[in-house]
Amino acid sequence: MKKLIRTIACLMAVATLAVSMAACGGDNATTTAAAAATTAAAATTAGKTTTTVATTTTNPTTTVVAPVSNPQTGPYAFYQEDEVVEFSGFTMVNNNGYGEQLEDGSIRAESRLTMYTAWDATLKYGKITVDITSAADNESNDNGVCFGIQGKGMKGILEEDPTANPYFFEKDYAYYICFVSDTGTFGLCKVWWNTQSWTNLKWAGKLEGYTHGDRFTITAEIHEGGVIKCYYNGQLLIEYTDPDPIIGGEGFGFRLEEKDVICHSIKIEPSDN
């Protein structure tokens, strides 16, 4: 009887050990199960065993990128990026020649006959002042302030007529210019009025002590009825009433005739009349 009980106990111990080994199979047990699911059965041919390994295929992912819709607007619809600058609080566009904006914000002419005008700001009546340094040792220096540009600024001109020319100097649009000439004379002229490229209005004579390379300010004061006053370094030198004033002229800007002329700033002070 005791021998039977011992035999049964041994058999039970063996069974328990087998269950324990199966439970502790760890990675081997898991791998075996996974292999059964993913690996084809081994085939024996002529005493050789060939194992076929399952292959995982990943379908390619195709990403469709929609085209970027970014139409040019504002001044960039008419001018290149380097022709639009933020200057003295205004968006200015390069109408002729070429300028470079310096680290202090000033604009220096990099070619002859450089002209900039305000894109969306206008001045019908009031004062406009520019601060300019002319080119040293250069006898060709007509530099000054432009105002009364025909139309309501460049934005108004180009948006009303998309075929209009955004580049001009002494054609297409009429305007006044008050400037220091290449002879050092202070004058007021009108450009492209009645298709005349240049009309002298009034001269104040040669500026005493002026030398090319000097820094100076010019202020033009515009009133209704064609009344114009021009100041050099704060001194009133020209008073003129135009009997044939430019109609609808509200644009403004500046002209720099020669390379290396610098416009440091431009300021407007609007008034009612």
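Just above, that's the structure.
Not measured: the values here are computed from a predicted model.

1. Structural notes on the sheet that holds strand S4 (residues 90–96)
Right, so step 1: Taken in spatial order, the eight strands line up as S3-S4-S7-S16-S9-S10-S11-S12 in an open sheet, and their pairing is antiparallel. The strands lining the two open edges of the sheet, one partner per strand, are strand S3 (84–87) and strand S12 (199–206). Direction aside, neighbouring strands of the sheet carry axes that sit 25° apart on average.
Right, so step 2: Summarising the sheet, S3 and S4 pair through four bridges and their orientation is antiparallel. Its bridge partner being in S4, Val84 is matched across the sheet by Val93.

2. Describing unusual backbone geometry
Right, so step 1: Even without glycine at this site, Ser88 takes up a positive phi of about 55°.
Right, so step 2: Within the secondary structure layout, Ser88 lies in the loop between S3 and S4.
Right, so step 3: The class for Ser88 is partly exposed, based on a relative accessible area of 36%.
Right, so step 4: Backbone geometry places Asn233, a non-glycine residue, at a positive phi of 50°.
Right, so step 5: Position of Asn233 among the secondary structure elements: in the loop between strand S14 (227–232) and strand S15 (235–241).

3. Thoughts on the sheet that holds strand S8 (residues 126–133)
Right, so step 1: Taken in spatial order, the seven strands of this open sheet run S5-S6-S17-S8-S13-S14-S15, and their pairing is antiparallel. Both edges of this open sheet fall to strand S5 (99–101) and S15, since each of them pairs with a single strand only. Across the sheet, the axes of successive neighbouring strands diverge by a mean angle of 25°, strand direction being ignored.
Right, so step 2: As paired elements, S5 and strand S6 (residues 107–109) share three bridges and run antiparallel to each other. For Gln101, the partnering residue across the bridge sits in S6 and is Ile107.

4. Notes on the packing of aromatic side chains
The description of an aromatic ring pair rests on the distance of the ring centres and on the angle between the ring planes.
Right, so step 1: What the rule picks out here adds up to 14 aromatic pairs.
Right, so step 2: Measuring from centroid to centroid gives 5.9 Å for Phe78 and Trp119, while their planes differ by 40°, and the two rings are tilted. Of this pair, Phe78 sits in the loop between strand S2 (48–50) and S3 while Trp119 sits in the loop between strand S7 (114–118) and S8, and the two are 41 residues apart along the sequence.
Right, so step 3: Note on Tyr116 and Phe254: the rings are 5.6 Å apart at their centroids and 20° apart in plane angle, and the pair reads as stacked. Remark: Phe254 occurs in strand S16 (residues 249–256) and Tyr116 occurs in strand S7; sequence separation between them is 138 residues.
Right, so step 4: Look at Tyr116 and you get buried, because its relative accessible area is 1%.
Right, so step 5: One aromatic cluster is present, built from ring pairs that chain together Phe78, Tyr79, Trp119 and Tyr167.
Right, so step 6: Of note, Lys127 hangs over the ring of Tyr231, and the distance from its end group to the ring centre comes to 5.9 Å.

5. Considering the nonpolar core
Right, so step 1: Of all hydrophobic cores here, the largest spans 44 residues; its most connected members are Ile128, Phe147, Leu188 and Phe254.
Right, so step 2: With four residues, strand S13 (residues 215–223) is the single largest residue contributor to this core.
Right, so step 3: The next biggest cluster of nonpolar side chains, apart from the first, holds 19 residues, and it includes Ile157, Leu158, Phe168 and Tyr175.

6. Overview of the pattern of salt bridges
When charged atoms on two side chains of opposite charge get close, those side chains can pair.
Right, so step 1: Inspection of the entire model under this criterion finds eight salt bridges.
Right, so step 2: Between Glu100 and Arg108 there is a salt bridge, with its nearest N and O atoms 3.3 Å apart.
Right, so step 3: Residue classification places Glu100 among the partly exposed positions, given a relative accessible area of 35%.
Right, so step 4: Of the charged contacts in the structure, one is a salt bridge between Arg112 and Glu257, with a shortest N-O distance of 3.5 Å. Within this pair, whereas Arg112 is found in the loop between S6 and S7, its partner Glu257 is found in the loop between S16 and strand S17 (262–270), the two being separated by 145 residues in sequence.

Criteria and thresholds
Residues numbered from 1 in each chain as written. Predicted model: local features only at pLDDT ≥ 70, side-chain atom pairs only at ≥ 80, totals over all residues. Heavy atoms only, no water. Pairing = 2+ DSSP bridges. Helix = DSSP H or I, 4+ residues; strand = E, 2+ residues; numbered from the N terminus. Axes fitted to C-alpha atoms, helices over the stretch in contact; angles between N-to-C directions. Buried < 20%, exposed > 50% of the residue type's maximum accessible area, 1.4 Å probe, protein only. Phe/Tyr/Trp six-rings, centres within 6.5 Å; stacked < 30°, edge-to-face > 60°. Lys NZ or Arg CZ within 6 Å of the ring centre and 35° of its normal. Core = buried A, V, L, I, M, F, W, Y, C linked by side-chain atoms within 4.5 Å. Salt bridge = Lys/Arg side-chain N within 4 Å of Asp/Glu carboxyl O.

Read these as geometric descriptors, not functional statements.
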